[in-house]
Amino acid sequence: MSEVPAYGLWGLVIINSLIFIIFAFSFTKPRNPRDWRSFGAFSAFIVALFTEMYGFPLTIYLLSGWLQTRYPGLNFFSHDAGHLWGTLLGWKGDPHWNPIHILSSVLIFGGLFYLGNAWEVLYKAQRSHTLAVEGPYAKIRHPQYMSFIVIMLGFLMQWPTIVTLLMFPILVTMYVRLAHREEGDALAEFGETYASYAAVTPAFFPWGRRHTQKKLRTHE
């Protein structure tokens, strides 16, 4: 594995964080405190990730004793060894081409693409004061939150850290709760139209369980 150190590069931390945060912001366009909470949580995850990827490797530092015992002679402060999944699985060669890294890239950029498509549909619906039911919204009710979750999962596969592993379930729970609150707002605004839409459209997964209209009415 490469012995080139990749830490203390705070310029890369800032640049990479800004690229993903600005890209996500350009599609989500937070408008209210709820939007800003979801976007802010995602931004915090991104900053924590790139801080450990290029700034200070807190996870590797904390696990260095165990790692050096299990993999003597391996420089865990090199960039390649920082790809922990590949290292722990004993994969050789450039970690950027191992199956986990390739899959993680598919999830990250696929999530960003899906986020962009969802925002375009939602933006048009908001402009016309109608319910978003086309594109990604024809498959699931919360494609934007699902996109954030998929992107974060991709980053966890690519560069796992203690901080982001702890943040991930917290953020998923937060997004699910925000989604439920949005459903209450949508039901209040669109009434039976939203109830009918939700009855046949899963919340997060195309194969997921549908809401019933009776359950939705409990939010009224």
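Going by the structure above, here's the rest.
Residues numbered from 1 in each chain as written. Predicted model: local features only at pLDDT ≥ 70, side-chain atom pairs only at ≥ 80, totals over all residues. Heavy atoms only, no water.

Caption draft 1: Broad picture of the overall build of the protein. Scanning the protein from N- to C-terminus turns up nine helices and zero strands. The dimensions of the protein, computed from C-alpha atoms along their principal axes, are 65 × 30 × 25 Å. When the 220 residues of the protein are sorted by exposure, 46% land in the buried category. A sequence separation of at least 24 residues applies to 68% of the contacts in the protein between residues at least 6 apart. If you sum the accessible surface of the protein, you get close to 11,600 Å²; carbon and sulfur atoms cover 68% of it. A distance of 7 Å separates the average location of the 17 positive side-chain charges in the protein from that of its 13 negative side-chain charges. (Helix = DSSP H or I, 4+ residues; strand = E, 2+ residues; numbered from the N terminus. Buried < 20%, exposed > 50% of the residue type's maximum accessible area, 1.4 Å probe, protein only. Contact = heavy atoms within 4.5 Å. Areas by Shrake-Rupley, 256 points an atom, 1.4 Å probe, with all protein chains shown as cover. Lys, Arg positive; Asp, Glu negative; His and termini not counted. Charge placed at Lys NZ, Arg CZ, Asp CG, Glu CD.)

Caption draft 2: Summary view of the pattern of salt bridges. By the definition in use, this model includes two salt bridges. Two residues, Lys124 and Glu120, come together in a salt bridge whose shortest N-O distance is 3.6 Å. Of this pair, Lys124 and Glu120 are both found in helix α5 (residues 99–128), four residues apart, which corresponds to roughly one turn of the helix. Taking the relative accessible area as the measure of exposure, Lys124 reaches 53% and is therefore exposed. (Salt bridge = Lys/Arg side-chain N within 4 Å of Asp/Glu carboxyl O.)

Caption draft 3: Representation of the side chain of Thr161 in the model. Relative to the assigned elements, Thr161 resides in the loop between α6 (143–158) and α7 (162–190). When near neighbours in sequence (up to four residues on either side) are disregarded, Thr161 contacts Glu52 and Thr59.

Caption draft 4: Region of the structure containing the nonpolar core. Counting 42 residues, the largest nonpolar core has Phe42, Phe45, Ile46, Phe50, Phe155 and Tyr175 as its most contacted members. Secondary-structure elements contributing two or more residues to this core are α1 (10–28), α2 (33–55), α3 (58–70), α5, α6 and α7. Each residue touching Ile46, except ones within four places of it in the same chain, is listed here: Ser17, Phe20, Ile21 and Phe155. (Core = buried A, V, L, I, M, F, W, Y, C linked by side-chain atoms within 4.5 Å.)

Caption draft 5: The arrangement of α5 in detail. If you check α5, its first and last C-alpha atoms are 44 Å apart, about what 30 residues at 1.5 Å a residue would give, namely 44 Å. Among the residues of α5, Ile100, His101, Ser104, Ile108, Gly111, Leu112, Leu115, Gly116, Ala118, Trp119, Val121 and Ala125 are the ones counted as buried. Buried residues along α5 sit in contact with α1, α4 (84–88) and α6. Where α5 starts, the residue carrying a side-chain oxygen 3.0 Å from the main-chain nitrogen of Ile100 turns out to be Asn98. Phi turns positive one or two residues past the end of α5, at His129, with a value near 55°. (Expected span 1.5 Å × (residues − 1). Polar contact = N/O pair within 3.5 Å; in protein donor to acceptor, adjacent residues only side chain to side chain.)

Caption draft 6: Structural view of the packing of α7 against helix α8 (residues 192–200). The N-to-C vectors of α7 and α8 enclose an angle of 130°; their axes lie 6 Å apart at closest approach. Here α7 lies oblique to α8, going by the angle between them. Together, Glu183, Ala186, Leu187 and Phe190 of α7 and Glu192, Thr193, Tyr194 and Ala195 of α8 make up the contact between the two elements. A class-by-class count of the residues in the contact of α7 with α8 yields five nonpolar, one polar and two charged. (Axes fitted to C-alpha atoms, helices over the stretch in contact; angles between N-to-C directions. Parallel < 35°, antiparallel > 145°, perpendicular 65-115°, else oblique. Nonpolar A, V, L, I, M, F, W, Y, C, P; charged D, E, K, R; others polar.)

Caption draft 7: Representation of the packing of α1 against α5 in the model. The contact between α1 and α5 brings their axes to 8 Å, and the two run at 25°. Viewed along their axes, α1 and α5 adopt a mutual orientation that is roughly parallel. On the side of α1, the interface is formed by Phe20, Phe23, Ala24, Ser26, Phe27 and Thr28, while α5 contributes Ile108, Leu112, Leu115, Gly116 and Trp119. By residue class, the composition of the contact of α1 with α5 is eight nonpolar, three polar and no charged.

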